[in-house]
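Structural description and commentary
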Amino acid sequence: MQASFIGFDPGAPGDDRTVVKIGPHTLYCADAYWIRESLGRFDAEFMDPPYLFDNRGGGTFRKSRTGAEMIVQEQLDQGFEMSIINPLLAGSIVIFCHNDQLPELLGYLNPRYTRFCMLGWIKKNPSPMRNKHYLADVEPFVHAWNPGFHPVGEHHDMHRWVTSGTMPAKVFGHPTVKPLDVMDKIMRNLSGCTVIDPFMGTGSTGVAAIRQGKIFTGIEKNPKHFATAVTRITAAWEQYGQ
Ligand SMILES: C[S@@+](CC[C@H](N)C(=O)[O-])C[C@H]1O[C@@H](n2cnc3c(N)ncnc32)[C@H](O)[C@@H]1O
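The structure reproduced in this document is the subject of the present report. These numbers come from a predicted model, not from an experiment.

Let's talk about the pairing of strand E2 (residues 17-22)
Direction of pairing for E2 relative to strand E3 (residues 25-29): antiparallel, over a ladder of five bridges. Its bridge partner lying in E3, isoleucine 22 is registered against histidine 25. What sits between the antiparallel neighbours E2 and E3 is a turn of two residues, in which glycine 23 has the positive phi angle 55°.

Right, here's the structure in full:
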């Protein structure tokens, strides 16, 4: 299956989007804040938005871990607009975040979703430079849902803490690519068939969605990462999707 380029759809002013279809999956190179609402309702929203944390420090160690600089350059330490989380547009949501975002995020989710669970994945190669407090060896994520979209899966596959293999640093030229074993496990626990990721980066969510038989929609604003996502999701569709 070739990826088919659908084209440039100008939409509203400021809403420039390039659309690529890969089988039943649709990828948008666009600003999620402009187009998310227009894409309508999905069973699940599964997002890894820009984090918000104090990214200073590190000294000489930092020089050997250039991912920290890439995070700054790509403004992935500047947070995101929580208004993009809209319970009318998804039955459940999974969202990765930094520890520092948890109080605001949980406060935002609490009146919008009936239930939630705090989970985390264990990084085997954490960066020890988070301003000398706890080592960042666990990254939290929250799964929140409304009636009808309760998490699904085998009881023994529903662990709260997922241990991952180590990720090669800056794989795919992106500083925060998520490990596929983590993404696969979370995807298995999502209710329903349709999934959207408004901050898809290099497309890890899309690859996991295809591996778990779901229909994926992704948005990424950076053309370089969008091109990587098209390549990865096309390969996953060829391998697992047909
Ligand atoms: C934390 S990274 C996601 C990485 C992804 N999970 C992966 O495995 O490759 C967040 C991504 O959101 C993108 N992004 C930031 N603001 C955006 C926006 N307004 N609309 C769409 N994408 C955005 C960034 O370019 C970045 O690639």
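Quick word on the site of the ligand
In the vicinity of the ligand there are 23 residues, among which Ala32, Asp48, Thr202, Ser204 and Glu220 approach most closely. Bound to the protein, the ligand loses 97% of the 610 Å² it would expose on its own. Grouping the amino acids of the shell around the ligand by side-chain chemistry returns eleven nonpolar, seven polar and five charged. Counting residues domain by domain, the shell around the ligand receives three or more from each of domain 1 (50-177) and domain 2 (193-242).

Side note on the nonpolar core
Counting residues in hydrophobic clusters, the biggest one holds 33 residues, and the most contacted among them are Leu27, Phe46, Phe96, Phe141 and Ile233. In terms of domain composition, this core takes at least three residues from each of domain 1 (50-177) and domain 2 (193-242). Ignoring sequence-local partners within four residues, the contact set of phenylalanine 46 consists of Val94, Phe96, Met183, Ile186, Met187, Leu190, Val195, Ile196, Asp197, Pro198 and Thr205. Ala30, Ala32, Leu39 and Ile93 belong to the second-largest nonpolar core, a separate cluster that totals 25 residues.

Definitions and limits used
- Note on numbering: residues in each chain are counted from 1, in written sequence order.
- Only residues with pLDDT of 70 or above have their local features reported here, since the model is predicted, and side-chain atom pairs are shown and tallied only from 80 upward, although totals for entire chains, interfaces and linings are computed over all residues.
- Calculation of side-chain values draws on the structure's entire complement of heavy atoms; hydrogens and water are dropped beforehand.
- The pairing criterion for strands is at least two bridges between them, as found by DSSP.
- Secondary structure counts use DSSP, requiring at least four H or I residues in a row for a helix and at least two E residues in a row for a strand, with both numbered from the N terminus.
- The cutoff for a nearby residue is simple: one of its non-hydrogen atoms must lie within 4 Å of the molecule or strand.
- For every accessible area listed, the method is Shrake-Rupley and the probe measures 1.4 Å; residues are considered covered only by the protein chains on display.
- Each residue gets one of three labels, nonpolar for Ala, Val, Leu, Ile, Met, Phe, Trp, Tyr, Cys and Pro, charged for Asp, Glu, Lys and Arg, and polar for the others, Gly among them.
- Residue ranges assigned to each domain were obtained from an automatic or database domain assignment.
- The nonpolar core is taken to be a set of buried Ala, Val, Leu, Ile, Met, Phe, Trp, Tyr and Cys residues, with the residues joined through side-chain atoms within 4.5 Å.
- Note on exposure labels: buried denotes an accessible area under 20% of the residue type's maximum, exposed denotes more than 50%, and partly exposed covers the range between, all computed with a 1.4 Å probe on protein chains only.
- We call two residues in contact when some of their heavy atoms are within 4.5 Å.

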